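# Descriptive analysis of the structure
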Protein chains: 2
Amino acid sequence: VQRYALVVEYDGTDFEGWQSQPSNNTIQDALERALATCLRQTIAVTGSGRTDSGVHAANQIAHFDSDVIANVHSTMKNINGLLPDSIAVKRVVPVGNSFHSRFDAVERTYRYFVSTTPVALDRNRRLWIPRETSFDRMNAAAKHFYGEHNYSSFCRTKSETKNRTCFVSRAEWVTEDPYTSYFEVRANRFLHGMVRAMVGTMLRIGSGAQPADDIPTILQAGDRRAAGPAANPKGLVLYHVTYPDGSLPLNL
Amino acid sequence: VQRYALVVEYDGTDFEGWQSQPSNNTIQDALERALATCLRQTIAVTGSGRTDSGVHAANQIAHFDSDVIANVHSTMKNINGLLPDSIAVKRVVPVGNSFHSRFDAVERTYRYFVSTTPVALDRNRRLWIPRETSFDRMNAAAKHFYGEHNYSSFCRTKSETKNRTCFVSRAEWVTEDPYTSYFEVRANRFLHGMVRAMVGTMLRIGSGAQPADDIPTILQAGDRRAAGPAANPKGLVLYHVTYPDGSLPLNL
């Protein structure tokens with residue numbers, strides 16, 4: 001049997017997230033259906049991590065095993081023909097049988113996109129902020145996220161994850177053009193709802209409702225109620241998954 | 001009466017172009033309907049130029065006259081509430097009564113977006129090129145477009161425009177990331193179907209079907225049949241309209 005890695009882009013708007021659900025309306029379900037039809041065998045797809053309902057991915061990484069693929073290019077073409085147009089498989093790559101998209105990932109990078117004007121072209125993946133917002137204040141807040149912290153205050157209350165420690169290696173608001181910016185955050189791991197809680201808290205700070213220096217206090221509280229409301233999922237994109245050199249032979 | 005400039009972004013996928021049509025299914029029709037409802041007076045909207053069916057705009061500029069607007073911010077909010085979500089008015093700005101979005105424009109900039117992998121997130125505005133394509137060859141071809149030329153070979157046969165001379169001040173393929181690139185072209189004026197014919201011709205050159213040095217010969221032919229087929233409208237975005245300093249007080 002041969003293991004394959006997939007690079008998957010998706011518009012999460014109409015899906016109930018990555019992870020398989022009884023409704024079958026998830027990215028994982030759609031991929032497993034397309035692969036089963038294409039390869040005529042039951043295929044289990046494992047992703048690098050779950051994305052929530054409505055969250056997108058530019059380069060989600062997943063893997064599966066199969067012994068019937070003769071040509072990865074024609075397989076990729078067939079899978080894309082079977083998938084809805086909101087999911088695109090960008091690469092199918094043979095990898096070593098020990099490669100694991102989730103356990104081998106050393107860092108994940110998310111981007112949260114906002115616009116200071118109404119949006120038409122990117123309306124599915126950009127949050128319009130109607131208020132006056134200071135990106136300088138939001139960047140001052142973001143600096144406090146760097147390094148190792150307990151992120152309980154930025155994790156959904158119902159999450160059962162015991163270990164709440166995350167190491168954040170990048171947290172920065174980047175200006176794309178006069179109207180649009182994104183928050184780029186990279187960490188070894190993310191808790192449930194973490195990026196949306198971080199962005200929701202910074203948007204409050206950007207609007208002037210709260211000082212940027214509140215972030216350390218919020219982190220120390222260890223209580224979800226200390227942070228701001230979760231930002232709308234539509235602005236969030238899983239942008240990149242990092243693997244140790246050589247384990248995933250992709251130029252992404 | 002006061003004149004106002006509009007900055008309009010639209011996803012052209014479901015519209016029959018900018019220019020008003022008997023079907024009423026155009027951007028201009030939608031804007032005039034929303035303004036009439038909002039301002040309770042008939043409003044004629046003039047755009048900087050027409051975009052074809054399926055073509056998008058990031059910053060189309062238009063103007064209209066009205067004597068009933070008390071507050072441009074609340075007017076903008078009301079118009080956006082009335083428009084379909086594929087059209088967004090990003091700015092409403094009072095301008096001098098001699099300002100004319102079409103006659104005052106000195107240059108227009110278009111971008112044509114392509115991807116070398118299947119696309120999900122930007123599927124409405126990015127052309128997937130399934131073939132191996134050389135962007136170096138396409139950039140070598142693009143260099144021949146610079147300067148003043150007769151663009152009859154890149155103009156729709158049925159166009160009635162007599163003057164076919166255009167001055168191109170930028171024509172360049174830009175790499176965004178390993179999968180995506182865009183062709184940025186700026187000129188004092190564009191003929192009907194011109195950018196799509198230029199891109200269609202360059203895609204043939206990029207695939208190796210034709211040498212980059214054919215462009216001068218194609219320009220000299222003065223015959224639409226000398227150039228390649230028109231590229232799909234979905235990749236094309238009107239990106240920027242340039243006005244003389246000070247005539248349109250916008251930071252775009």
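Computed from a predicted model, the values in this text were never measured in an experiment.

### Examining the packing of aromatic side chains
Both the distance between ring centres and the angle between the ring planes are used here to describe each pair of aromatic rings. With the rule as written, the count across this model stands at 20 aromatic pairs over all chains. Here the aromatic rings of Phe 113 of chain A and Tyr 182 of chain A are separated by 5.2 Å at their centres, their planes lie at 45°, and the arrangement is tilted. Of this pair, Phe 113 of chain A sits in strand S5 (residues 107–115) while Tyr 182 of chain A sits in strand S9 (residues 180–187), placing them 69 residues apart in sequence. A relative accessible area of 9% means that Tyr 182 of chain A is categorised as buried. For the ring pair Trp 173 of chain B and Phe 183 of chain B, a centre distance of 5.3 Å and an interplane angle of 35° mean the geometry is tilted. Separated by 10 residues along the polypeptide, Trp 173 of chain B in strand S8 (residues 165–177) and Phe 183 of chain B in strand S9 (residues 180–187) bring together distant segments of the chain. A relative accessible area of 5% places Trp 173 of chain B in the buried class. By way of ring pairs, the aromatic residues Phe 135, Trp 173 and Phe 183 of chain A are connected into one cluster. Here Arg 111 of chain B stacks its cationic end above the ring of Tyr 239 of chain B, 3.9 Å away from the centre of that ring.

### Quick notes on the confidence of the model for chain A
When pLDDT is averaged along chain A, the result is 95, and 98% of the positions lie at 70 or above. Our summary of model confidence lists the complex with pTM equal to 0.93 and ipTM equal to 0.88.

### A few points about the interface of chain A and chain B
Counting residues at the interface gives 30 residues for chain A and 30 residues for chain B. Between chain A and chain B lies a buried interface of about 2300 Å² when both sides are counted; carbon and sulfur atoms form 60% of it. Considering only the surface of chain A that becomes buried against chain B, Leu 121, Arg 123 and Tyr 179 of chain A emerge as the three largest contributors, covering 29% of it. On the surface where chain A and chain B come into contact, there are 6 salt bridges.

### Some thoughts on unusual backbone geometry
For residues other than glycine, phi is negative in most cases, and the peptide bonds are mostly trans. Phi angles above zero are rare outside glycine, and Asn 24 of chain A is one such case at about 65°. Tracing the backbone shows Asn 24 of chain A in the loop between strand S1 (2–10) and helix H1 (27–39). Within the chain, Arg 40 of chain B stands out as a residue other than glycine whose phi angle is a positive 55°. Mapped onto the secondary structure, Arg 40 of chain B falls in the loop between helix H1 (27–39) and strand S2 (46–47).

### Re the environment of Glu 16 of chain A
Residue and element names in this part refer to chain A. Along the chain, Glu 16 falls in the loop between S1 and H1. Given a relative accessible area of 36%, Glu 16 falls into the partly exposed group. Remark: the alpha-carbon pair of Glu 16 and Thr 26, spanning 10 residues in sequence, is separated by 5.1 Å. Excluding its chain neighbours within four sequence positions, the residues that come into contact with Glu 16 are Gln 21, Ser 23, Asn 25, Thr 26 and Ser 53.

### Quick notes on the pairing of S1 of chain A
Residue and element names in this part refer to chain A. Among the 9 residues that make up S1, 8 are buried, leaving the element largely enclosed by the rest of the structure. The sheet contact formed by S1 and strand S3 (residues 56–66) spans 8 bridges and is antiparallel. Bridged to Gln 2 within S3 is Ser 66. The pairing of S1 with strand S4 (residues 87–95) spans 8 bridges and is antiparallel. Looking at S4, one finds that Leu 6 is bridged to Val 92.

### Here's the deal with helix H4 (residues 194–206) of chain B
Residues and elements named next belong to chain B. In a regular helix each residue adds 1.5 Å, so 13 residues correspond to 18 Å; H4 covers 18 Å between its end C-alpha atoms and thus fits that length. In terms of burial, H4 is a largely internal element, 12 of the 13 residues being buried. Within H4 the residues assigned to the buried category are Met 194, Val 195, Arg 196, Ala 197, Met 198, Val 199, Gly 200, Thr 201, Met 202, Leu 203, Ile 205 and Gly 206. Backbone geometry just downstream of H4 places Gly 208 in the positive-phi region, at approximately 95°.

### Structural notes on the relation of the copies chain A and chain B
Once chain A is rotated about the relating axis by 180° and shifted along it by 0.0 Å, it coincides with chain B to within an RMSD of 0.0 Å. This pairing of chains is accounted for by a two-fold axis. Relative to the rotation axis, the C-alpha of Asp 122 of chain A is the closest in chain A, positioned 4.0 Å from it. Of the interface residues in chain A, 100% have counterparts in chain B that sit at the interface too, so the contact is made through matching surfaces.

The rules behind the values
Residues numbered from 1 in each chain as written. Chains lettered and ligands numbered in written order. Predicted model: local features only at pLDDT ≥ 70, side-chain atom pairs only at ≥ 80, totals over all residues. Heavy atoms only, no water. Phe/Tyr/Trp six-rings, centres within 6.5 Å; stacked < 30°, edge-to-face > 60°. Helix = DSSP H or I, 4+ residues; strand = E, 2+ residues; numbered from the N terminus. Buried < 20%, exposed > 50% of the residue type's maximum accessible area, 1.4 Å probe, protein only. Lys NZ or Arg CZ within 6 Å of the ring centre and 35° of its normal. pLDDT = per-residue confidence, 0-100. Contact = heavy atoms within 4.5 Å. Buried area = accessible area lost by both parts, 1.4 Å probe. Salt bridge = Lys/Arg side-chain N within 4 Å of Asp/Glu carboxyl O. Pairing = 2+ DSSP bridges. Expected span 1.5 Å × (residues − 1). Least-squares fit on C-alpha atoms with pLDDT ≥ 70 in both.

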